[in-house]
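Structure at a glance
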Amino acid sequence: MMRIGLRAKFTLSLLATTLVWVAVLTFGWISASRAIDEVLQQGADSLREQGRSALADRGVQLASFLADALTNPVYYTDLLTVREVARSALEQPDVDYVLVYDGQGRLIHDGSRDIPRFGQVMDDPFAQAAIAAGTPLIQWSEERIDASAPMAIGDLRLGGVRVGLSLARTEGILATETAGARERFRRAFSGPAHVLGLGSLILLLWIVVAGWLVARGLVRPIRDLAARAREIERGRFETVGASRRRDELGELMRAFGRMSEAVGRHHHDIRKLAYHDSLTGLPNRLMFRELLDDAIAEFRGSSQGLALLFIDLDDFKRINDTLGHDAGDDVLIEFAARLKRALSASDASSKPLFARLGGDEFVALVSGDDGRSKGEAAALSLLEQLKQPFVIGDKSLLVGASIGITVFPDDAHTSKLLLKHGDLAMYQAKQRGKSCYRFFAGHLTEAAEERLGLEHDLREALELGQLAVAYQPIHDLQTGRLVGAEALLRWRHARRGMVPPSIFVPIAEASGLIDTLGEWVLDRACRDTASWQHALPGLTVAVNLSARQLQRSDLGDRVRATLERHRLNPELLHLELTESSLLHDEQVAFAALGQLRATGVRVWLDDFGTGFSGLSHLRRARVDGVKIDRSFITDILTDSEDLALASAIIAMAHSLGMQVIAEGVETEAQFALLRTRGCDQAQGFWMSAAVTPEELIQRPRRVELSPEHLV
């Protein structure tokens, strides 16, 4: 079919005019062109506003979803889960970046494998406003939209999530379509105006007809498009229909329709991502919160109760570490299926709700006349389902789960408190041996509040300089000479008194403060050791590294920078690692060991004998020495097995060219026995307790054995 464009329509209408009216028609033509430009501009502005508004809504929804999904992983420093969630968001169209940060604006994760800027404070133009915002925030630039949402557990601000959405594609489509339409309009009116006049009456008649055609065929369709754009802004994407016109306006209307369909698909994808778990197909945290709120509203004031089951798989990380994340995903999918079967089997009369909150955390909601008994029956049914092994590939796995049960309205009246109490009860189940269930009890809240209080006080102590480093001397067993000291972190609280490291170190590890504490202790120890050298030349210092520090890709650079800052010989710094930290991720840990050795520092294995699975690991670790755990030293004088184990460790280490330090030497007899067994160095209360840096250099330079122990 022949296409009749706007140029032909206006040319045919103007051919009947006369030369006398050329000026008049030219003036009318110019006015019409300006009117069309204005209408096109209004349409383009409306489309741009609608597109940016839809993209901004998408950014807020995605950022809020990620903030909810990442709250627990960030709180428990589960970087693998954080990376998985961030990478899934990065795969969405128009997403430029995903940034997960802590309460100080330091980067926790960006979805990459290496996280090159981990721990660095964000310094881009949007960073300060995003860090300070307590609610979801939208910020704009010419190139992108930055959407941020805070993460918090109760009153504790964990940080937040930022999502960058590119405006390039939306602006490109709009610019291309608008420019094309504008160019076609201008071409249609740019040709010479042909006016054939047969008289003023005929001319006026043609002008009326031409005006009617313009109004009917041009202005009205554009106004219809503007009206449809307003409908799209309200979320009614189906309002744009197909056009059968064969001219430029028809092309514009069809392009508008395609754009509307694309926005509608994005809207649908965002809602699916925001409300469903992509792996198991179950409702996610956001959707479950809405369903839980609805259930509470429905059952409030009724005689029936609700029981919420907070479920966490036991030792799930071990499956990911040993079999890979694909196997872990298969376990989660199978677990979701068994959860559905278990809840259906426990009560066929009601329809339970279940969801995956993230990682290996699931929740379920059951109802009945007695919510407590319903929850217990559901938990027992699930534990019975888990007695059958999971068959993943060619592997057969037994997967357990710890279940916390909380009841509405007995334990809480809001969805937020129900989830919180279920989480606390679940951790109580883990502490009781796992693969079991526990009901929420009020004292769990008190314990959680005490833990949060300690975490807050620890952050404050670090900021206000209320922490200190003490040093326990290390002596050479053969000569008795003072050769080094181990740096030990001490915290004296104004109200609690001296807080043991066994209490505050686990809190620091769970909250992510351990990185900052470790760097602070390393810096302080290097500074003190450098100041000792004029009085005690060659005195070494031993500093403990946490498992989190060992996972940092820039650990070697940080250690090197600290040594250079204090002008300390690298050989005087001994870094101590636990066996469990090496087994956490061997590939990363051994790479970090290589970086440390390249700096020139010595690396020791702490608490040796309590965690290694075999001699092959010790050979691969390539450490400079080992420290015998104090549990092997305590009864070395009376327990022949402890003496044999200690002697075997000394002989094994010496055969590999390593030195040996004995920890926990409490008596002169222990010191003398270890000396005869060939142990190199020792530390313990018999020589000295931990002392201040000033007291260390004032102590005697060697210890002497009594005559009866010199034999």
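Residues numbered from 1 in each chain as written. Predicted model: local features only at pLDDT ≥ 70, side-chain atom pairs only at ≥ 80, totals over all residues. Heavy atoms only, no water.

**Considerations on the overall build of the protein chain**
- Scanning the protein chain for helices and strands turns up 23 helices and 21 strands.
- Taken across its 711 residues, the protein chain has 49% of its residues classed as buried.
- Sequence-distant contacts in the protein chain: of pairs separated by 6 or more residues, those separated by 24 or more amount to 68%.
- In the structure as shown, the protein chain presents an accessible area of about 34200 Å², 54% of it carried by carbon and sulfur atoms. (Helix = DSSP H or I, 4+ residues; strand = E, 2+ residues; numbered from the N terminus. Buried < 20%, exposed > 50% of the residue type's maximum accessible area, 1.4 Å probe, protein only. Contact = heavy atoms within 4.5 Å. Areas by Shrake-Rupley, 256 points an atom, 1.4 Å probe, with all protein chains shown as cover.)

**What to know about the pairing of strand β8 (residues 361–368)**
- With eight of eight residues buried, β8 is to be regarded as a mostly interior element.
- Burial of β8 is two-sided: the residues Glu361, Val363, Leu365 and Ser367 facing one way and the residues Phe362, Ala364, Val366 and Gly368 facing the other way are all buried.
- Sheet topology places strand β6 (residues 305–313) next to β8; eight bridges connect them, and they run antiparallel. The residue bridging Gly305 from the neighbouring strand is Gly368, located in β8.
- Note that strand β7 (residues 353–358) and β8 share five bridges and pair antiparallel. Within the sheet, the bridge partner assigned to Arg356 lies in β8 and is Phe362.
- Counting the residues between successive antiparallel strands, the hairpin from β7 to β8 contains two residues, one of them, Gly359, with a positive phi of roughly 60°. (Pairing = 2+ DSSP bridges.)

**Digging into the sheet that holds strand β3 (residues 137–140)**
- Reading across from one edge, β2-β1-β5-β4-β3 is the order of the five strands in this open sheet, with antiparallel pairing throughout. The open sheet has two free edges, formed respectively by β2 (107–109) and β3, since each of these has just one partner strand. Strand after strand, the sheet turns through a mean of 30° between neighbouring axes, direction not considered.
- With four bridges joining them, β3 and strand β4 (residues 144–153) adopt antiparallel strand pairing. Following the sheet pairing, Leu137 is matched in β4 by Ser148.
- Contacting β1 (95–102) and β2, helix α3 (residues 79–90) crosses the sheet at an angle of about 155° to β1. (Axes fitted to C-alpha atoms, helices over the stretch in contact; angles between N-to-C directions.)

**Here's the deal with a negative patch on the surface**
- Together, Glu290, Asp293, Asp294 and Glu298 give the surface a local cluster of negative charge.
- Along the polypeptide, Asp294 turns up in helix α8 (residues 285–299). (Patch = residues over 30% accessible without salt bridge, like charges linked within 9 Å, V, L, I, M, F, W, Y side chains within 5 Å. Salt bridge = Lys/Arg side-chain N within 4 Å of Asp/Glu carboxyl O. Lys, Arg positive; Asp, Glu negative; His and termini not counted. Charge placed at Lys NZ, Arg CZ, Asp CG, Glu CD.)

**Observations regarding the sheet that holds β8**
- If you trace the five strands from one edge of the open sheet to the other, you get β7-β8-β6-β11-β12, paired in mixed fashion. Bordering the open sheet on either side are β7 and β12 (437–439), each of which pairs with just one other strand. When strand polarity is set aside, the average angle formed by the axes of neighbouring strands in this sheet is 20°.
- Lying over the sheet, helix α11 (residues 371–385) contacts β6, β8, β11 (401–408) and β12, oriented at roughly 165° with respect to β11.

**Concerning the environment of Ile507**
- Examined against the element boundaries, Ile507 turns out to sit in helix α14 (residues 501–511).
- By relative accessible area, which is 5% here, Ile507 ends up buried.
- Spatially, the C-alpha atom of Ile507 lies 7.8 Å from that of Leu454, the residues being 53 residues apart in sequence.
- When neighbours within four sequence positions are excluded, Ile507 is seen to be in contact with Arg451, Leu454 and Glu455.

**Thoughts on the pairing of strand β13 (residues 467–476)**
- Most of β13 sits inside the fold, with nine of its ten residues counted as buried.
- Here β13 runs beside strand β14 (residues 482–493); their pairing, made up of nine bridges, is antiparallel. Bridge pairing in β14 links Ile474 to Gly484.
- Hairpin connection of β13 to β14: five residues between the antiparallel strands, including Gly480 at a positive phi of 75°.

**Quick notes on helix α22 (residues 668–676)**
- All of the buried residues along α22 are Glu668, Gln670, Phe671, Ala672, Leu673 and Leu674.
- Contacts from the buried residues of α22 go to β13, α21 (640–655) and β20 (659–662).

**Some points on the environment of Ala179**
- Structurally, Ala179 can be placed in helix α5 (residues 168–190).
- For the pair Ala179 and Ala44, spaced 135 residues apart in sequence, the C-alpha to C-alpha distance is 9.8 Å.

**Here's the deal with the pattern of salt bridges**
- Taken as a whole and judged by the stated rule, the model has 25 salt bridges.
- Between Lys430 and Asp312 there is a salt bridge, with its nearest N and O atoms 3.0 Å apart. With Lys430 in helix α12 (residues 415–431) and Asp312 in strand β6, this pair connects stretches of sequence that are 118 residues apart.
- Under the relative-accessibility criterion, Lys430 is labelled buried at 18%.
- Residue Asp312 is classed as buried on the basis of its relative accessible area of 8%.

**Here we look at the nonpolar core**
- Within the largest apolar cluster, 74 residues are counted, with the highest numbers of intra-cluster contacts made by Tyr471, Val543, Val559, Leu573 and Leu575.
- Looking at this core element by element, the count peaks at seven residues for helix α15 (residues 514–532).
- Within the second largest apolar cluster, 33 residues are counted, among which are Leu313, Ile392, Val399 and Ile403. (Core = buried A, V, L, I, M, F, W, Y, C linked by side-chain atoms within 4.5 Å.)

**Topic: the packing of α15 against helix α17 (residues 555–566)**
- At a minimum axis separation of 9 Å, α15 and α17 run at an interaxial angle of 35°. Here α15 runs over α17; the crossing is right-handed. Of the residues in α17, those touching α15 at Glu519, Leu522, Asp523, Cys526, Arg527 and Ala530 are Arg558, Val559, Thr562, Leu563, Arg565 and His566.
- The residue makeup of the contact of α15 with α17, split by class, is five nonpolar, two polar and five charged. (Left-handed = near helix turned anticlockwise from the far one by under 90°. Nonpolar A, V, L, I, M, F, W, Y, C, P; charged D, E, K, R; others polar.)

**What to know about the confidence of the model for the protein chain**
- Per-residue confidence for the protein chain gives a mean pLDDT of 80, with 77% of residues at or over 70.
- Note that pLDDT drops below 50 for residues 192–198; the model gives that stretch 23 contacts with residues more than four away or on any other chain. (pLDDT = per-residue confidence, 0-100.)

**Description of the packing of aromatic side chains**
- Inspection of the entire model under this criterion finds seven aromatic pairs.
- Ring geometry for Tyr75 versus Tyr76: centroids 4.7 Å apart, planes at 85°, classification edge-to-face.
- Residue Tyr75 is classed as buried on the basis of its relative accessible area, which comes to 11%.
- One aromatic cluster is present, formed by Tyr75, Tyr76 and Tyr427 through successive ring pairs. (Phe/Tyr/Trp six-rings, centres within 6.5 Å; stacked < 30°, edge-to-face > 60°.)

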